[in-house]
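# A closer look at the structure
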Amino acid sequence: LLYDSNLQPAHSYTYKTYHRQNPELVEGGASTGSATEETGSANAELTLTTMDTTSHDFTWQTFEFGGQTGSSVFYDVAIIDENDAWAVGEIYTENDKYNAAHWDGDKWELKKLDWDGYVSRLTCVYAFSHNDVWFGVTNLIHWNGSIFEKNLNPILNQFYDKTVNKIWGTSDNDLYIVGNNGLIAHYDGREWTRIESGTDLDISDIWGALDERTGKYEILCVGSKHLQDPNYRRVIYQIKDTGLTELSSHPIEWTLYSVWFIPGMKYYAAGGGIYEKHHLSDKEWENQPLSITPYYIYRIRGNQINDIVAAGGFGEIIHFNGMSWKSYIHEAGLTHGNYKSIAIKDNLIAVVGIEYPKAVIKFGRR
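Presented here is a report on the structure given in the accompanying data block.

The next thing to look at is the pattern of salt bridges. With the rule as written, the count across this model stands at 17 salt bridges. In this structure, Glu 196 engages Arg 194 in a salt bridge whose closest nitrogen and oxygen atoms are separated by 3.6 Å. Using a relative accessible area of 56% as the deciding quantity, one classes Glu 196 as exposed. Accessibility expressed as a relative area gives 28% for Arg 194, which makes it partly exposed. Arg 213 is the salt-bridge partner of Asp 211, the closest N and O atoms lying 2.9 Å from each other. A relative accessible area of 60% places Arg 213 in the exposed class. Bridged by salt links that share partners, the residues Asp 200, Asp 229 and Arg 233 form one connected network.

A sheet is described by the order of its strands in space; here four strands give the open sequence β10-β11-β12-β13, paired in antiparallel fashion. Edge positions in the open sheet fall to β10 (124-129) and β13 (148-151), since each of these has one partner strand only. Averaged over all adjacent pairs, the angle separating strand axes in this sheet is 20°, with direction ignored. Bridge count between strand β12 (residues 140-143) and β13: four bridges; the pairing is antiparallel. Looking across to β13, one finds that His 142 is bridged to Glu 149.

Its place among the elements puts Val 235 in strand β20 (residues 234-240). The residues contacting Val 235, other than those within four sequence positions of it, are Leu 201, Ile 203, Cys 221, Val 222, Gly 223 and Glu 246.

This brings us to the sheet that holds strand β8 (residues 97-103). Strand pairing in a sheet relies on backbone hydrogen bonds. The paired strands run either parallel or antiparallel. Here we have four strands laid out as an open sheet, ordered β6-β7-β8-β9, and antiparallel in their pairing. Every interior strand has two partners, whereas the edge strands, β6 (73-81) and β9 (108-111), have only one. Taking the axes of each pair of neighbouring strands and ignoring which way they run, one obtains an average angle of 20° across the sheet. Judged from the six bridges that link them, strand β7 (residues 84-92) and β8 form a sheet pairing that is antiparallel.

What follows covers the nonpolar core. One finds Ile 167 and Ile 177 to be the most contacted residues of the largest nonpolar core, which totals 55 residues. Ranked by residues supplied to this core, first place goes to strand β22 (residues 256-262) with five residues. In this structure, Ile 167 is in contact with Cys 124, Tyr 126, Trp 134, Phe 135, Gly 136, Leu 140, Leu 175, Tyr 176, Ile 177 and Ile 206, ignoring residues within four places of it in sequence. Phe 63, Ile 79, Ile 91 and Ala 350 belong to the second largest nonpolar core, which has 18 residues in total.

Attention shifts here to the side chain of Lys 166. With respect to the element layout, Lys 166 can be found in strand β14 (residues 164-171). For Lys 166, a relative accessible area of 5% translates into the label buried. Here Asp 76 takes part through its side chain, which lies 3.0 Å from a polar atom of the side chain of Lys 166. With residues near it in sequence (within four places) discarded, Lys 166 still touches Asp 76, Cys 124, Val 125, Tyr 176, Ile 177, Val 178, Ser 204, Asp 205, Ile 206, Arg 299 and Arg 301.

For strand β25 (residues 297-304), the tally of buried residues reaches six of eight residues, placing the bulk of the element in the interior. In this sheet, strand β26 (residues 307-312) lies alongside β25 in antiparallel orientation, the contact comprising six bridges. Looking across to β26, one finds that Arg 299 is bridged to Ala 311. Hairpin geometry of β25 and β26 is characterised by an intervening segment of two residues between the two adjacent antiparallel strands.

The next point concerns the layout of surface pockets. Reported here for the largest pocket is a volume of approximately 1,200 Å³. Along its surface, the largest pocket is lined by 32 residues, and Asp 4, Leu 7, Thr 50, His 278 and Ile 305 are the ones closest to its centre. Secondary structure elements with two or more residues in the lining of the largest pocket: β1 (12-15), β4 (46-49) and β23 (266-271). Ranked by the residues each element gives to the lining of the largest pocket, the list is headed by β4, at three residues. Along the lines of polarity and charge, the residues of the lining of the largest pocket split into 15 nonpolar, twelve polar and five charged.

Take the packing of aromatic side chains next. For the structure on display, the rule yields 28 aromatic pairs. Here Trp 86 and Phe 135 contribute two aromatic rings whose centre-to-centre distance is 5.1 Å and whose plane-to-plane angle is 80°, an arrangement assigned as edge-to-face. On the criterion of sequence distance, the pair formed by Trp 86 in strand β7 and Phe 135 in strand β11 (residues 132-136) is long-range, its members being 49 residues apart. The buried category is assigned to Trp 86, whose relative accessible area is 4%. Residue placement shows Lys 112 over the ring face of Tyr 98; its charged tip is 5.6 Å from the ring centre. The ring of Trp 115 carries Lys 150 above its face, with NZ or CZ at 5.5 Å from the centroid.

Cut-offs applied
- Residues numbered from 1 in each chain as written.
- Predicted model: local features only at pLDDT ≥ 70, side-chain atom pairs only at ≥ 80, totals over all residues.
- Heavy atoms only, no water.
- Salt bridge = Lys/Arg side-chain N within 4 Å of Asp/Glu carboxyl O.
- Buried < 20%, exposed > 50% of the residue type's maximum accessible area, 1.4 Å probe, protein only.
- Pairing = 2+ DSSP bridges.
- Helix = DSSP H or I, 4+ residues; strand = E, 2+ residues; numbered from the N terminus.
- Axes fitted to C-alpha atoms, helices over the stretch in contact; angles between N-to-C directions.
- Contact = heavy atoms within 4.5 Å.
- Core = buried A, V, L, I, M, F, W, Y, C linked by side-chain atoms within 4.5 Å.
- Polar contact = N/O pair within 3.5 Å; in protein donor to acceptor, adjacent residues only side chain to side chain.
- 1 Å grid on protein atoms, 1.4 Å probe; cavity = no way out; pocket = protein on both sides within 12 Å on 5 of 7 lines; lining within 4 Å.
- Points joined across faces, edges and corners; volume = space filled by probe spheres on them.
- Nonpolar A, V, L, I, M, F, W, Y, C, P; charged D, E, K, R; others polar.
- Phe/Tyr/Trp six-rings, centres within 6.5 Å; stacked < 30°, edge-to-face > 60°.
- Lys NZ or Arg CZ within 6 Å of the ring centre and 35° of its normal.

Following this line, the structure appears as structure tokens:
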């Protein structure tokens, strides 16, 4: 195993190995001299090219909604492409209430996704495609491209607080939700199954990705009580076929709110700080709480390990380009609010939250 540090981005490096031996070794391993000789040509060369950095050059556009008859907020956002995106929350205009907004490439249009005529706030959205989008809060609503369908989840009736905080899956037949008071459940296309977590903490985020080495998906979720727990308890779970495995959060001391990773390459957990590790088997998470940003992070997402974004308190938005983190708080920060979620797709960033009393969406285009 060769570990080579301090490599530069977008550079090629060539490695080759030689087998050398001392010709004057005697029986028993004792040497009569220090001369060495090659015993053949070099093994086949191995050439590696490091990833390039991505650009920090984003320009920002702001959209604000509601705030006339009540404090408005967006909790989550999903980008399908540059002409199709969804944001969800609760938006109070002068004459009405909405719980979603859709981007068609030209403008945002407020929407009402009702459940038997009742327009509840929506807390999360997850999109597979233009015709396959899931929305949630205390039940799930599915957009099939033509109509919004109800998806009743009886598992939620087992929880006092039925709030669904995040959705993730590989398809409509393999869907996960996480929520308050330890809520974790799986949908196989026919029925919902509860995954026992054994915690009262609020599971705030879930992310999964295919491990190309094994051909299987890795799935992680994180939870805390955020501002309600003086002990700053936190959990990091890995979801497997056999159930949950709790992973170490050492030496993290603060609450966690989000998780994102690419299997076998880089893992991030965020909340009261941004922490990273290269492998799940690594014993400790790296970084100090304030080493990257002094602001609380509510969501972290990425295109690749050299193209990562995070957003949180006081309008903090940061981007990692493979070598450095850059903050956009001076260009896109908030005066009276926080960003609740962020998404990135190719060269488009969408950030949502509240700029009291209005709900806010910011687009960053590279």
